[in-house]
Amino acid sequence: MSEIVVRPARTDDVRAIHSLLEPLVDRKILLGKEMVALYEAVQEFMVAEVDGQIVGCGALHVMWRSLGEVRTLLIREDWLRHGIGGRIVDALEEKARALGLRRLFCLTFEVEFFSRHGFEPIDEKQVVSDEVYAQLLRSPDAGVAEFLDLAHVKPNTLGNTRMLKQLGHTGRA
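Let us look at the structure shown here.

A short note on the overall build of the chain
Okay, step 1: Each helix and strand counted, the chain has 6 helices and 7 strands in total.
Okay, step 2: A total of 173 residues make up the chain; the buried ones form 47% of that total.
Okay, step 3: For the chain, the share of sequence-separated contacts (at least 6 apart) that also reach a separation of at least 24 residues comes to 70%.

Thoughts on the pairing of strand S3 (residues 53–64)
Okay, step 1: Buried residues dominate S3, accounting for 9 of its 12 residues.
Okay, step 2: The turn linking strand S2 (residues 45–50) back onto S3 is made up of 2 residues, and aspartate 51 within it adopts a positive phi angle of 50 degrees.
Okay, step 3: With 7 bridges joining them, S3 and strand S4 (residues 67–75) adopt antiparallel strand pairing. Residue pairing for S4: histidine 61 is matched across the bridge by glutamate 69.
Okay, step 4: Between S3 and S4, which pair antiparallel in sequence order, lie 2 residues.

Some thoughts on the pattern of salt bridges
Pairing is possible between side chains that carry opposite charge, provided their charged atoms lie close to one another.
Okay, step 1: Summed over the entire model, instances satisfying the criterion amount to 8 salt bridges.
Okay, step 2: Ionic pairing is found between glutamate 49 and arginine 7, a salt bridge with its closest N-O pair at 3.2 Å. One end of the pair, glutamate 49, is in strand S2; the other, arginine 7, is in strand S1 (residues 4–8), with 42 residues separating them in the sequence.
Okay, step 3: On the basis of relative accessibility, which here comes to 10%, the residue arginine 7 falls in the buried class.
Okay, step 4: We note a salt bridge from glutamate 112 to arginine 116, for which the minimum N-O separation is 3.4 Å. Of the two residues, glutamate 112 and arginine 116 are both situated in helix H4 (residues 111–116); the distance of 4 residues between them amounts to about one turn of the helix.

Some remarks on the sheet that holds S3
The pairing of strands in a sheet comes from backbone hydrogen bonds and takes either a parallel or an antiparallel form.
Okay, step 1: The 7 strands lie next to each other as S1-S2-S3-S4-S5-S7-S6, forming an open sheet whose pairing is mixed. Each edge of the sheet is formed by a strand with only one pairing partner; in this case those strands are S1 and strand S6 (120–121).
Okay, step 2: Running over the sheet, helix H1 (residues 14–26) touches S2, S3 and S4 and is turned about 85 degrees from S3.
Okay, step 3: Of the strands in this sheet, S1, S2, S3, S4, strand S5 (103–108) and strand S7 (161–166) are in contact with helix H3 (residues 84–99), which crosses S3 at around 35 degrees.

Some details on the nonpolar core
Okay, step 1: Formed by 23 residues in total, the largest nonpolar core has its most connected members in Val70, Ile84, Leu104, Phe114 and Phe119.
Okay, step 2: Every element with two or more residues in this core is listed here: S2, S3, S4, H3, S5 and H4.
Okay, step 3: No other element matches H3, which puts 6 residues into this core.
Okay, step 4: In this structure valine 70 touches Ala59, Leu92, Leu104, Phe105, Cys106, Phe114 and Phe119, once residues within four positions along its chain are discounted.
Okay, step 5: Membership of the second largest hydrophobic core comes to 16 residues, among which are Leu21, Leu38, Ile54 and Ala59.

Calculation rules
- Residues numbered from 1 in each chain as written.
- Predicted model: local features only at pLDDT ≥ 70, side-chain atom pairs only at ≥ 80, totals over all residues.
- Heavy atoms only, no water.
- Helix = DSSP H or I, 4+ residues; strand = E, 2+ residues; numbered from the N terminus.
- Buried < 20%, exposed > 50% of the residue type's maximum accessible area, 1.4 Å probe, protein only.
- Contact = heavy atoms within 4.5 Å.
- Pairing = 2+ DSSP bridges.
- Salt bridge = Lys/Arg side-chain N within 4 Å of Asp/Glu carboxyl O.
- Axes fitted to C-alpha atoms, helices over the stretch in contact; angles between N-to-C directions.
- Core = buried A, V, L, I, M, F, W, Y, C linked by side-chain atoms within 4.5 Å.

Below you can see the structure in the form of structure tokens.
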């Protein structure tokens, strides 16, 4: 088996990331992202590469001082169940810790996968302080709205599960 390399994404990888995303958008599993949005967020992405081919990706989006989101975790179908998703999540967690984040959020259908990596479903309770909640309400980011479980993103038409992982300190953001 060829070596799997997980590394920070470069602008030259954006077309490959978009190619990983499109089949899932076509199947209505994920919402689409415009190329410009992927270029704007390229610094958030890690990619998995095998023999010069991008076979997976994932992004870390900072939401608040101690809170981040794992988003756009995608693995090419022929590379599923080779440990690539786990390696990308590990790399994103390492990046999150380096940034000082203590909790990671994800919105996913892959509850079992994320549970194996220490994420737990969040119930309906507010998981940030009132002050932070008020600040996050100002964000135009749809992922932040999903995290806050705001009514304008409901009903959750995709049926995803909101999950959270503690990386260290267990205090609220």
